[in-house]
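# Coordinate analysis (summary)
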Amino acid sequence: MKKYRFGVIGAGNMGTAIAQGAVRAGLFPPGEVLLANRGAQSRAAHAAQGYAVTGDNAAVWRDCETVVLAVKPQSFDEVLPSLTACGGDKPLLVSIAAGIPFARMEAALGADTPIIRVMPNTPLVLGMGATQLVKNAAATAEQLDRVRALFDTMGVTVVFDEERMLNEVIPYAGSAPAYLYAFADALVQSAGAHGISADDALSLVCQTMIGAAHMLLRREQTPAELIRAVCSPGGTTIEGMKVLEAHDFYGMIAEMCDRCIDRAYALGK
């Protein structure tokens, strides 16, 4: 029997947020969670919150029922070999690394390792994430359901049958916050040029984004129909839309998404 129910290798911002979300949801107490981090200061902070801590990744792999692998994709070649030498029953592995395919992890850990790849985005730390999941052949449907239930407590989830879809979906959830922040930043900067304070502009832009998102989520009108509803003929909004059209806004967005997806595939090679 494993000593801990849940563990995180690479307990940085996202890995810690996942563990904290599980604890907040009452899935298990912090004492049943083992967090691995290289930094002594981070380990001390986690220990003060009641979590078990370690600087040894192998200890998490060996002692936990479910292990979240939250290291950067560039660190996989360093981390995976340290886990292969561990004996005993293999845990359920939950990987949140973009672009790293099952085949690469199975080559190091064995094809019999149950793995669920998860693509969360940063709003997860507020309990408002958008997460996508897919399981490998060794993972059971029950294990997938259990992991999905965990991430359901931190936002919305979507399950895919094909692994490649985790690359295809990246620009629309995992990377999308950065693109939305860029749009908000551009609006705030423009507002400053017109005498509106950055704080006031950010409040207005953020509330408008929240309201627009709720309008979209009602699904009573398509995005195109909602655009037309705001763009009165001869009015102000349509003049701004003409600028976006002149600069091929939709084409720019499509290219942005394609390049993001291409990079995800490149990371997996």
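Residues numbered from 1 in each chain as written. Predicted model: local features only at pLDDT ≥ 70, side-chain atom pairs only at ≥ 80, totals over all residues. Heavy atoms only, no water.

### With respect to the overall build of the chain
Along the chain, the regular secondary structure elements total 12 helices and eight strands. If you line up the chain on its principal axes, its C-alpha atoms span 70 × 40 × 35 Å. When burial is assessed residue by residue, the chain has 38% of its 269 residues classed as buried. Once local pairs closer than 6 in sequence are excluded, the contacts in the chain between residues at least 24 apart make up 62%. Summed over its atoms, the accessible surface of the chain is roughly 14,700 Å², and 58% of this surface lies on carbon and sulfur atoms. A distance of 5 Å separates the average location of the 22 positive side-chain charges in the chain from that of its 27 negative side-chain charges. (Helix = DSSP H or I, 4+ residues; strand = E, 2+ residues; numbered from the N terminus. Buried < 20%, exposed > 50% of the residue type's maximum accessible area, 1.4 Å probe, protein only. Contact = heavy atoms within 4.5 Å. Areas by Shrake-Rupley, 256 points an atom, 1.4 Å probe, with all protein chains shown as cover. Lys, Arg positive; Asp, Glu negative; His and termini not counted. Charge placed at Lys NZ, Arg CZ, Asp CG, Glu CD.)

### Here we look at the pairing of strand 8 (residues 155-159)
Pairing geometry for strand 7 (residues 129-135) and strand 8, over five bridges, is parallel. Bridging from a neighbouring strand, Q132 pairs with V158 of strand 8. A crossover links strand 7 with its parallel partner strand 8, the connecting element being helix 6 (residues 141-152), and its sense is right-handed. (Pairing = 2+ DSSP bridges. Right-handed = clockwise from strand over helix to strand, strands pointing away.)

### Observations regarding helix 4 (residues 76-84)
Those residues of helix 4 not exposed but buried are F76, V79, L80 and L83. An end-on view of helix 4 places all buried positions within 95° of arc, on one side of the element. Opposite the buried face of helix 4, at more than 90 degrees from it, the exposed residues are D77 and E78. Elements in contact with the buried residues of helix 4: strand 1 (4-9), helix 3 (57-63), strand 4 (64-69), strand 5 (92-95) and helix 5 (102-109). (Arc of directions from axis to C-beta.)

From the geometry alone we can't say anything about function, so treat these as descriptive.
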